[in-house]
Number of protein chains: 2
Amino acid sequence: MNATIRTATEDDLPTIHDLVRELAIYEKAEHELVATLDDYRQDFKAGIFQCLVAEREKEVVGMCLYYITYSTWKGKMMYLEDFVVREQMRQQGIGQLLFDAFLAKAQQLNCRLAKWQVFDWNEPAIRFYEKNKATIEKGWWNGKIFFK
Amino acid sequence: MNATIRTATEDDLPTIHDLVRELAIYEKAEHELVATLDDYRQDFKAGIFQCLVAEREKEVVGMCLYYITYSTWKGKMMYLEDFVVREQMRQQGIGQLLFDAFLAKAQQLNCRLAKWQVFDWNEPAIRFYEKNKATIEKGWWNGKIFFK
């Protein structure tokens, strides 16, 4: 019983927003999710982000949300902003299918690398990335300024 | 003696590439800079990144290189990829002028936040960001997969 990976359309945005909430809860940060479904609709239509979804029995059970960015050291870079599989659907290889499709998309778009972030306490995720031979960098801090 | 901040054009790319090298040397990572000036030209023309430059006496002495990304928690986000002022021109307020112009540009583009990364050992930069009331997050690691 496998999953189908496909490009997300506008119709998937409510489910994508739900999955972001599920991940935010897992990351103990639900209160930080303030972007609304309407924000997602407007920004998706503007092409600011794209998404791959994993579907099983016509239901979306996971997603990778990404956009093109730039590394001044390496060149064109694909950034994986959010990556989540519904909790009850984990441990079945769906995350690997999604991640493989994300990496294939990055290569198809001629990116030199893919980048993402992971919480330092999120051991299952870190193990997954290490299994995928990712480089994990521990020496950078994030700076942020919020406007509203 | 102040600096003028303006949007970069394609003609500035050689200087921008030089400034990236200067920053990479400061960050002890010159060997990691493999993107060429030709890469910059192609990717700048494709609209993948933009840049503000600080000019003094018709010479570019600093820059902020950025692009629009997306926070699934907050919405539209401006990402500061590289920010550098030539070493001999520091401590004169040019960095602050550039950073202010970067934040103004982010707000003008209706971003909800600005984000960047800083090495955990780069105390002068961290002090600068703290002075600017930035939030510094220390709990995230970067994951990367390189394709070539």
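Placed above this text is the structure.
Since we're looking at a predicted model, the values are computed, not measured.

Caption draft 1: Main features of the overall build of chain A. Scanning chain A for helices and strands turns up 4 helices and 7 strands. Overall, chain A shows an N-to-C arrangement of helices and strands of β-α-α-β-β-β-α-β-α-β-β. Against the globule reference of 15 Å for 148 residues, chain A gives a C-alpha radius of gyration of 15 Å, in line with a compact fold. Projected onto the principal axes, the alpha-carbon positions of chain A cover approximately 40 × 40 × 30 Å. Counting every position in chain A, which comprises 148 residues, the buried fraction comes to 39%. Restricting to contacts in chain A with at least 6 residues of sequence separation, those with at least 24 account for 60%.

Caption draft 2: How the structure looks around the interface of chain A and chain B. On the side of chain B, 53 residues touch chain A, which itself brings 53 residues to the contact. Grouping the constituent residues of the side of chain A that touches chain B by class yields 28 nonpolar, 11 polar and 14 charged. Sheet topology places strand β6 (residues 135-137) of chain A next to strand β7 (residues 140-146) of chain B; 3 bridges connect them, and they run antiparallel. Across the sheet, E137(A) pairs through a bridge with N142(B), a residue of β7(B).

Caption draft 3: Geometry of the packing of helix α1 (residues 13-26) of chain B against helix α2 (residues 37-45) of chain B. Residue and element names in this part refer to chain B. At a closest axis distance of 10 Å, the pairing of α1 and α2 adopts a crossing angle of 120°. Our classification of the angle between α1 and α2 gives oblique. Remark: the crossing between α1 and α2 carries right-handed chirality. Here L13, P14, I16 and H17 of α1 come into contact with α2, specifically with L37, Y40, R41 and F44.

Caption draft 4: Representation of the sheet that holds strand β4 (residues 75-85) of chain B in the model. With mixed pairing, the 7 strands of this open sheet are ordered in space as β1(B)-β2(B)-β3(B)-β4(B)-β5(B)-β7(A)-β6(B). The sheet terminates laterally at β1 (4-7) and β6 (135-137) of chain B, the two strands that pair on one side only. Strand-to-strand twist in this sheet, taken as the mean axis angle between neighbours without regard to direction, amounts to 30°. Sheet topology places strand β7 (residues 140-146) of chain A next to strand β5 (residues 113-119) of chain B; 7 bridges connect them, and they run antiparallel. By the bridge assignment, F146(A) is partnered in β5(B) with L113(B).

Cut-off values and rules
Residues numbered from 1 in each chain as written. Chains lettered and ligands numbered in written order. Predicted model: local features only at pLDDT ≥ 70, side-chain atom pairs only at ≥ 80, totals over all residues. Helix = DSSP H or I, 4+ residues; strand = E, 2+ residues; numbered from the N terminus. Rg over C-alpha atoms; globule rule 2.2 N^0.38 Å. Buried ≥ 20, exposed ≤ 12 C-beta atoms within 10 Å, placed from the backbone. Contact = placed C-beta atoms within 7 Å. Nonpolar A, V, L, I, M, F, W, Y, C, P; charged D, E, K, R; others polar. Pairing = 2+ DSSP bridges. Axes fitted to C-alpha atoms, helices over the stretch in contact; angles between N-to-C directions. Parallel < 35°, antiparallel > 145°, perpendicular 65-115°, else oblique. Left-handed = near helix turned anticlockwise from the far one by under 90°.

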